[in-house]
Amino acid sequence: MNTQLALDHFNITHIVYSGIAGGVSPELNIGDVTVAAQWAQYQESYYGPELENDVFGPPFWLGEGVPPPFPNFGMSYPMTVTVRTDAHPEGESIFWFPVDTQMLAVAETVAENIDLADC
């Protein structure tokens, strides 16, 4: 909400986001630094029932035999979010959000030229 308020009131052209990523990839550890070419709002999720000890199934209302659109994380089944833009004022369902290619190039250059081993 705060980001949207800033976008509504100021002439913002770019946003740099710093966050966490280790919760969705077992290959990442605390302190790892990654530069993403795309990101997803994976915490917008449906929650499935526990079928047996630590084994979860998709929500029943999805329909029997209908596979969920994305892999689950335990009981959490990610879903798309609806985004309204000037190009799509009626809204568009999106899961993956691309990043700005010029900003990505800057971030990759920084990541290549600075030792971030102690983050």
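Presented here is a report on the structure given in the accompanying data block. Because the structure is a prediction, the values reported are computed rather than measured.

As a further point, take the overall build of the protein chain. For the protein chain, the count of helices and strands is 2 helices and 8 strands. In sequence order, the protein chain lays out its α and β elements as α-β-β-β-β-β-β-β-β-α. Projected onto the principal axes, the alpha-carbon positions of the protein chain cover approximately 50 × 40 × 25 Å. Going through the 119 residues of the protein chain one by one, you find that 15% of them count as buried. Pairs at least 24 residues apart make up 47% of the contacts formed inside the protein chain by residues separated by at least 6 positions. In the form shown here, the protein chain has an accessible surface area of approximately 9,800 Å², with 56% of it arising from carbon and sulfur atoms.

Excluding glycine, most residues fall at negative phi; most peptide bonds, likewise, are trans. One non-glycine residue with positive phi stands out, namely Asp54, at about 60 degrees. Secondary-structure assignment places Asp54 in the loop between β3 (50-52) and β4 (55-56). For Asp54, a relative accessible area of 62% translates into the label exposed.

Within the secondary structure, Ser45 is located in strand β2 (residues 45-47). Residue Ser45 is classed as buried on the basis of its relative accessible area of 13%. There is a polar contact of 2.8 Å between the side chain of Ser45 and the side chain of Ser76. Not counting the four nearest positions on each side in its chain, Ser45 is found in contact with Ser76, Tyr77, Pro78 and Met79.

For the rest of this paragraph, the subject is the side chain of Ser76. When you line up the elements, Ser76 lands in strand β5 (residues 76-78). Setting aside its immediate chain neighbours within four residues, Ser76 contacts Ser45, Tyr46 and Tyr47.

Quick look at the environment of Tyr47 now. Following the sequence through the fold, Tyr47 ends up in strand β2. Setting aside chain neighbours within four positions, we find Tyr47 in contact with Pro59, Met75 and Ser76.

With the rule as written, the count across this model stands at 4 aromatic pairs. Relative to Trp61, the ring of Tyr46 lies with its centre 4.6 Å away and its plane at 80 degrees, an arrangement referred to as edge-to-face. Taken as a pair, Tyr46 in strand β2 and Trp61 in the loop between β4 and β5 lie far apart in primary sequence, 15 residues in all. Centre to centre, the rings of Phe95 and Trp96 are 5.2 Å apart; their planes meet at 85 degrees, and the pair counts as edge-to-face. In textbook terms, an aromatic cluster arises when at least three aromatic residues are bridged by ring pairs, as seen for Phe70, Phe95 and Trp96.

Cut-offs and rules
Residues numbered from 1 in each chain as written. Predicted model: local features only at pLDDT ≥ 70, side-chain atom pairs only at ≥ 80, totals over all residues. Heavy atoms only, no water. Helix = DSSP H or I, 4+ residues; strand = E, 2+ residues; numbered from the N terminus. Buried < 20%, exposed > 50% of the residue type's maximum accessible area, 1.4 Å probe, protein only. Contact = heavy atoms within 4.5 Å. Areas by Shrake-Rupley, 256 points an atom, 1.4 Å probe, with all protein chains shown as cover. Polar contact = N/O pair within 3.5 Å; in protein donor to acceptor, adjacent residues only side chain to side chain. Phe/Tyr/Trp six-rings, centres within 6.5 Å; stacked < 30°, edge-to-face > 60°.

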